[in-house]
Amino acid sequence: MILVTGGRGAVADALLTLLLQAGRPVRVASSDPGRLRVPDGVTAVTCNLRDPGTFPAALAGVSEVFLYAEASHVAEFADAAVTAGVEHIVLLSSAAVLGPGAAGDPLAKSHLDVETALLAAPLTTTILRPGSFAGNAGAWAWPIKAGRPVSLPYPGSHTDPIHERDLAEVAFTVLTDPSHQGRRLHLTGPQSLTFSEQIGLLAEITGRAITVGHVTPEEWKQETAGYIPGPYADALLEYWRANDGRPVPLTGTVEQVTGHAPRTFATWVRDHVADFTG
């Protein structure tokens, strides 16, 4: 039995589809399973990664777990997994942990703490470390649909957007092929693109005129204060500043694991065009 946590996330949703197509027994978990839409025959369970009381029931009878990174109670989760007989955890971490200042970066440290706790547990842990999710562009959907500028403090900053379906395929492979288990996989998309280039692709594919509002870092923090805590906003701004005008290194790991090149950002936009035009 494979437990997929974070059932409402894009990666978990795509992974669930792959596991069902392969006929693998799977259970999907969420902090609010009532909001999940799961196929017939799939059990949805409560697993709130911030509430250790939900761990034992969700993990009962499970041999493998796909785990979203949540640091608050990861030691208790690892203990509960070992007690339940879990043999293998696939962690969706972040390439931010590879940076030299990871321990002092709140975004990177939250993932690093999860990695450290799982690696200390007596089970096998495979770590997926993606760079930038292509889905981060979804944050621009509202201003684009409203005909407003997309606020960017560093329009020339590079990221390596990776499609959630590629992440799901990597996770599926490491869950079902023991030869990959225990690896640390740095995953990127196939291109290093600036935010301006990503906006250009969005405009071309959606047929919408999209403008960029070049704001200061402080203005951007004020705009996003309602949903991005200050320390996390500072960490993002520092990352974007460091990559302003500098392409980010790419890896061939997605192709090595799945057998095909990663999907482009343009492909992601075409797959999600309704999010920006509906």
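Residues numbered from 1 in each chain as written. Predicted model: local features only at pLDDT ≥ 70, side-chain atom pairs only at ≥ 80, totals over all residues. Heavy atoms only, no water.

1. Considerations on the overall build of the protein chain
The helix and strand inventory of the protein chain stands at twelve helices and eleven strands. Scaling as 2.2 N^0.38, a compact globule of 278 residues should have a C-alpha radius of gyration of about 19 Å, and the protein chain matches this with 19 Å. If you line up the protein chain on its principal axes, its C-alpha atoms span 50 × 40 × 35 Å. Within the span of the protein chain, comprising 278 residues, buried residues form 46% of the whole. (Helix = DSSP H or I, 4+ residues; strand = E, 2+ residues; numbered from the N terminus. Rg over C-alpha atoms; globule rule 2.2 N^0.38 Å. Buried < 20%, exposed > 50% of the residue type's maximum accessible area, 1.4 Å probe, protein only.)

2. What to know about the pattern of salt bridges
What the rule picks out here adds up to eight salt bridges. R50 serves as the salt-bridge partner of E70, at 3.3 Å between the closest nitrogen and oxygen. Residue E70 is found in the loop between β4 (64–68) and α3 (74–84), and its partner R50 is found in the loop between β3 (43–46) and α2 (55–59); the two are separated by 20 residues along the sequence. The closest approach of N and O atoms between R263 and D166, which form a salt bridge, is 2.6 Å. Highlighted residues: R263 in the loop between α10 (253–258) and α11 (265–271) and D166 in helix α6 (residues 164–176), separated in sequence by 97 residues. (Salt bridge = Lys/Arg side-chain N within 4 Å of Asp/Glu carboxyl O.)

3. Let's talk about α6
With 13 residues, α6 extends 18 Å between its outermost C-alpha atoms, agreeing within 8% with the 18 Å of an ideal straight helix rising 1.5 Å per residue. Burial within α6 is extensive, with eleven of its 13 residues counted as buried. (Expected span 1.5 Å × (residues − 1).)

4. Re the environment of E64
When you line up the elements, E64 lands in strand β4. Here E64 falls in the buried class, since its relative accessible area comes to 11%. Separated by 23 residues in the primary sequence, E64 and E87 have C-alpha atoms spaced 6.0 Å apart. Apart from residues lying up to four places away in sequence, E64 is in contact with M1, I2, L3, V86, H88, V174, L175 and Q181. (Contact = heavy atoms within 4.5 Å.)

5. A word on the side chain of T253
Considering the arrangement of structural elements, one finds T253 in helix α10. Note on T253: relative accessible area 9%, which makes it buried. A distance of 2.8 Å separates the side chain of T253 from the backbone oxygen of H186, its partner in a polar contact. Those residues in contact with T253 that sit more than four places away from it in its chain are L185, H186 and L187. (Polar contact = N/O pair within 3.5 Å; in protein donor to acceptor, adjacent residues only side chain to side chain.)

6. Focus: the nonpolar core
Among the nonpolar cores identified, the biggest contains 27 residues, and V4, L15, F66, L128, V170, L185 and L187 are the most heavily contacted of them. Breaking this core down by element, the ones donating at least two residues are β1 (2–4), α1 (10–21), β2 (26–30), β5 (88–92), α6, β9 (184–187) and α10. Every residue in contact with F66, bar those within four places of it in the chain, is listed here: L3, V4, T5, V11, A12, L15, V90, L92, L128, A171 and L175. Core analysis: the next-biggest nonpolar cluster, separate from the first, contains 25 residues, I144, L237, F265 and V269 among them. (Core = buried A, V, L, I, M, F, W, Y, C linked by side-chain atoms within 4.5 Å.)

7. Let's talk about the packing of α3 against helix α4 (residues 106–119)
For any two helices packed against each other, the geometry comes down to the angle between their axes and how far apart the axes lie. Between α3 and α4, the shortest axis-to-axis distance is 9 Å and the interhelical angle comes to 30°. The orientation of α3 with respect to α4, classified from their angle, is roughly parallel. Seen from above, α3 lies across α4 with right-handed handedness. Here V74, A75 and A78 of α3 come into contact with α4, specifically with D113, V114, A117 and L118. Taken together, the residues of the contact of α3 with α4 sort by class into six nonpolar, no polar and one charged. (Axes fitted to C-alpha atoms, helices over the stretch in contact; angles between N-to-C directions. Parallel < 35°, antiparallel > 145°, perpendicular 65-115°, else oblique. Left-handed = near helix turned anticlockwise from the far one by under 90°. Nonpolar A, V, L, I, M, F, W, Y, C, P; charged D, E, K, R; others polar.)

Geometry only, nothing functional implied.
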